[in-house]
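Residue-level listing of the chains:
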Amino acid sequence: MAQLSRIGYVLKKHKALYLLMLPGILYYLIFKYAPMYGIIIAFQDYSIGRGIFGSKFVGLKHFIEFFYVTPDAWKLIRNTIMLNVYDLLFHFPAPIILAILFHELKGKWFKRFVQNISYLPHFLSTVVIAGILVTFLSPTTGVVNHFLVKVFGIEPIMFLGIPEWFRTVYVGSEIWQKVGWGTILYLAAIAGIDPTLYEAAKMDGANRWQQMRHITFIGMVPVMIILFVLTLGNFMEASFEKILLIYNTMNYETSDVINTFVYRRGILDADFSFATAVGLFQSAIGFILVVAANRIVRKHSETSLW
């Protein structure tokens, strides 16, 4: 009873804050947790007519089919992993570097202008981004190939038709679209650094590079750790919408990933059980990576998700 009264007191005292939380809580309950019962069909031969509770239970049949029967299974896994490895290597550090550069800018007007410009691509829809990529990278009329021919005398390159170029195009477009928006959390972390640390460093003779390295960067580390752990949760996924819009039969060798395969089998072929099994495999790998990364981080740092 005492515990319940304590909870009631806290709810009453902070009711305004809990009301603000309510829409977010309802969103996750309705759209994230409630549909989770649907993963049952990954272990069934699901039939729309019989429904979830009337379909035949088949155990791990669909998982075995994916790994041992599907001819392109390992290619799909490899492509997904490679895209995410490149994304971690090049996209993840990009907003960190850009946030530090923003912090080092002294002109307020110029700083705000550059920040606003960097934010703009985030507000473009994926369809628009894909259209820009297709138009700009066209081998005949694209501005990129026109520039390469005029300036460097290089023959036009079919960027979206050569498998080896797809990962570069994908990761490059992800950086351009998301790097500006990604700086917001890092800039907030920098704003929380005690200014007296910079003053003390100046008195000790530290130059701007040393201040940036030993104060600014270190102050961003907790946010970097949290975002890195969260990023690992989506390691077996990729930007499905963008890939679906720019991949084609010529670059399938490197562009076909698990998400696009699930779309074809689950939506186009209506093989719901098989598609759910593959999606559950993705989620399980992401969960394992998040738990493992958080445990490692917790051992070596004071910052962790839980």
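Residues numbered from 1 in each chain as written. Predicted model: local features only at pLDDT ≥ 70, side-chain atom pairs only at ≥ 80, totals over all residues. Heavy atoms only, no water.

Trainee: Just to check I follow, could you spell out the packing of helix α9 (residues 163-191) against helix α11 (residues 208-232) for this structure?
Mentor: Two quantities define a packed helix pair, namely the angle between the helix axes and the distance between the axes. Packing of α9 against α11 leaves a shortest axis separation of 9 Å and a crossing angle of 135°. Regarding the angle of α9 to α11, the classification is oblique. Between α9 and α11 the crossing geometry is right-handed. On α11, the residues touching Leu 185, Tyr 186, Ala 189 and Ile 190 of α9 are Thr 216, Gly 219, Met 220, Val 223, Met 224 and Leu 227. (Axes fitted to C-alpha atoms, helices over the stretch in contact; angles between N-to-C directions. Helix = DSSP H or I, 4+ residues; strand = E, 2+ residues; numbered from the N terminus. Parallel < 35°, antiparallel > 145°, perpendicular 65-115°, else oblique. Left-handed = near helix turned anticlockwise from the far one by under 90°. Contact = heavy atoms within 4.5 Å.)

Trainee: Please explain the environment of Asp 45 as it appears in this structure.
Mentor: Note on placement: Asp 45 falls in strand β1 (residues 44-45). Judged by relative accessible area, which is 26%, Asp 45 ranks as partly exposed. Sequence-wise, Asp 45 and Glu 241 are 196 residues apart; in three dimensions their C-alpha atoms are separated by 28 Å. (Buried < 20%, exposed > 50% of the residue type's maximum accessible area, 1.4 Å probe, protein only.)

Trainee: Even after reading the chapter, I still don't get the side chain of Asn 145, so can you show me in this structure?
Mentor: By secondary structure assignment, the location of Asn 145 is in helix α8 (residues 143-152). With relative accessibility at 2%, the residue Asn 145 sits in the buried group. Residue contacts for Asn 145: discarding those within four places in its chain leaves Phe 136, Leu 137, Ser 138, Pro 139, Pro 156, Ile 157 and Phe 159.

Trainee: Which parts of the structure should I look at to understand the UniProt feature "transmembrane region" (unreviewed entry) in the protein?
Mentor: As annotated in UniProt, the feature "transmembrane region" (unreviewed entry) corresponds to residues 16-34, 88-105, 117-138, 175-193, 214-235 and 272-293 in the numbering used here. With 95% helix and 0% strand, residues 16-34 has end C-alpha atoms that lie 26 Å from one another. Helix makes up 86% of residues 214-235 and strand 0%, and the two end C-alpha atoms of the span are 30 Å apart. (UniProt positions renumbered as here; feature names shortened; annotations may be inferred.)

Trainee: Please explain α9 as it appears in this structure.
Mentor: Since there are 3.6 residues in each turn of an α-helix, residues three or four apart along the chain are aligned in direction. Here α9 is 29 residues long and its end C-alpha atoms lie 43 Å apart, about the 42 Å a rise of 1.5 Å per residue gives. Roughly 50° is the biggest bend found in α9, and it falls at Val 179. (Expected span 1.5 Å × (residues − 1). Bend = angle between axes of the 7 residues up to and from the residue.)

Trainee: Would you mind going over helix α3 (residues 61-69) with me for this structure?
Mentor: The complete set of buried residues in α3 reads His 62, Phe 63 and Phe 66. For α3, the angular spread of buried residues about the axis comes to 110°, placing them on one side. Pointing more than 90 degrees away from the buried face of α3 are the exposed residues Tyr 68 and Val 69. Contact partners of the buried residues in α3: β1, α4 (73-91), α14 (258-268) and α15 (272-300). (Arc of directions from axis to C-beta.)

Trainee: Whenever I open this one, the pattern of salt bridges confuses me. Can you help?
Mentor: For the structure shown, the criterion picks out eight salt bridges. Across the salt bridge formed by Asp 45 and Lys 61, the nearest N and O atoms sit 3.3 Å from each other. Of this pair, Asp 45 sits in strand β1 while Lys 61 sits in helix α3, and the two are 16 residues apart along the sequence. Residue class for Lys 61 comes out partly exposed when judged on its relative accessible area of 40%. A salt bridge links Asp 256 to Arg 264, with the nearest nitrogen and oxygen atoms 2.8 Å apart. Classification of Asp 256 by relative accessible area gives buried; the value is 3%. Sharing partners across several salt bridges, the network here consists of Glu 65, Arg 265 and Asp 271. (Salt bridge = Lys/Arg side-chain N within 4 Å of Asp/Glu carboxyl O.)

Trainee: For this particular structure, what's the right way to read the environment of Arg 50?
Mentor: Turning to its location among the elements, Arg 50 is positioned in the loop between β1 and β2 (56-57). The exposure class assigned to Arg 50 is exposed, which follows from its relative accessible area of 51%. In sequence terms Arg 50 and Thr 254 are 204 residues apart; their C-alpha atoms lie 38 Å from each other. Among all residues touching Arg 50, those that are not within four sequence positions of it are Asp 45 and Ser 55.

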